Amino acid sequence: MYVLIAPCIENPAYRARGITTDEDLDYFRRAVERCRRFSIEMVPLPCPETLHLGADREPGSFVERLATPEFAALLDRLEEEVRAVIRERGEVPLAVVGVDSSPACGVTATYHSPEKQPGRGAFLARFPDIPAVDVKEFARYRVYLAGPLFTEAERTYNLVLRDLLEAHLFEVYLPQEVGDTSHTRCREENGTIFAQHLRALEEIDIVVAVIDGADADSGTSWEMGFAYALNKSIVALRTDFRAVGHHERVNLMLEESAAVVTAKEDLPGVLGSLLPASG
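Worth saying up front: this structure is predicted, and the values here are computed from it rather than measured.

1. Describing the packing of aromatic side chains
Applying the stated criterion to the full structure yields 5 aromatic pairs. Judged by centre distance (5.5 Å) and plane angle (75°), the ring pair of Phe123 and Phe127 falls under edge-to-face. Comparing Phe123 with Phe127, the two get one shared label, buried. By the ring-pair criterion, three or more aromatic residues cluster together here, those being Phe194, Trp222 and Phe226. Geometry around Phe170 places Arg34 over its ring, the cationic atom sitting 5.0 Å from the centre.

2. Side note on the sheet that holds strand S3 (residues 96-98)
Reading across from one edge, S2-S1-S3-S6 is the order of the 4 strands in this open sheet, with parallel pairing throughout. Sheet topology places strand S2 (41-44) and strand S6 (132-134) at the edges, where each strand pairs with a single neighbour. For this sheet, the mean inter-axis angle between neighbouring strands, taken without regard to orientation, is 30°. Two elements, S3 and S6, share 3 bridges in a ladder whose sense is parallel. Paired with Val96 across the strands is Ala132, a residue of S6.

3. What to know about helix H8 (residues 218-229)
Between its terminal C-alpha atoms H8 stretches 17 Å, which fits the 16 Å expected from 12 residues at 1.5 Å a residue. Here H8 has its buried residues at Thr220, Glu223, Met224 and Ala227. Each buried residue of H8 sits inside an arc of 100° when the element is viewed along its axis, so together they form one side. The outward face of H8, more than 90 degrees from its buried face, is lined by the exposed residues Ser218 and Ala229.

4. Description of the pairing of strand S1 (residues 2-5)
Side-chain alternation along S1 places Tyr2 and Leu4 on one buried face and Val3 and Ile5 on a second face that is also buried. The pairing of S1 with S2 spans 4 bridges and is parallel. Its bridge partner being in S2, Val3 is matched across the sheet by Met42. Regarding topology, helix H1 (residues 22-37) serves as the crossover connection from S1 to the parallel S2, and that connection is right-handed. Judged from the 2 bridges that link them, S1 and S3 form a sheet pairing that is parallel. Considered in S3, the bridge of Ile5 is made with Val97.

Criteria and thresholds
Residues numbered from 1 in each chain as written. Predicted model: local features only at pLDDT ≥ 70, side-chain atom pairs only at ≥ 80, totals over all residues. Heavy atoms only, no water. Phe/Tyr/Trp six-rings, centres within 6.5 Å; stacked < 30°, edge-to-face > 60°. Buried < 20%, exposed > 50% of the residue type's maximum accessible area, 1.4 Å probe, protein only. Lys NZ or Arg CZ within 6 Å of the ring centre and 35° of its normal. Pairing = 2+ DSSP bridges. Helix = DSSP H or I, 4+ residues; strand = E, 2+ residues; numbered from the N terminus. Axes fitted to C-alpha atoms, helices over the stretch in contact; angles between N-to-C directions. Expected span 1.5 Å × (residues − 1). Arc of directions from axis to C-beta. Right-handed = clockwise from strand over helix to strand, strands pointing away.

Next up, the structure:
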């Protein structure tokens, strides 16, 4: 299992002078961490811009700096080299992890001209048969799994969801695995558990919330609201067929703050899994 990655994700020195922010570096670091966490091999692509213009170069668009016959010939050669690597490995990569805005390795946006345009960069456009994901999306893999945890059935179901998400390369924080869940815990333990859950909600990328029942669990609802206030992505799972109104399945505040799915098998796709739905 491997991904092709833009080489600047491992070594930002490949980027043009002055364009790399601290936020970029954080995303690069987290993308590398995800690969290490799930034993995904990183196979770096060659950097066409560095090979053509040198390492210490000014930023510029494709039209300004790269629209030459020499650069086109370089892309021809580099594409064949990459495809030879894929053939030698005998399996296609999970994806190409690119860096948006890059004239060569952009995924959904690229500076083809001085104005950013939608679409892949010139190098990644050579591989339309391979899924591509921007490094900022690839780095968003930490999930807080919110849901009721008071019965054996609820805790067992949470473990099923945890295993499903981890099989799709998401790291899951599961509250029921933190601290004493019994009704006899003391106030000090309550405060410790609350603080740990709060810290986890601040650090994760996505909340997956189980909102089954005649009304959603109160703790889960609070976690969803807090995550929404932090501008976190929220995906709510409701397998319960009951509805509270013509246009509401459970609660409009919860539904409007989240993407709602009705089957656990739909979660990986909504979260942007790189693996097939049956994986």
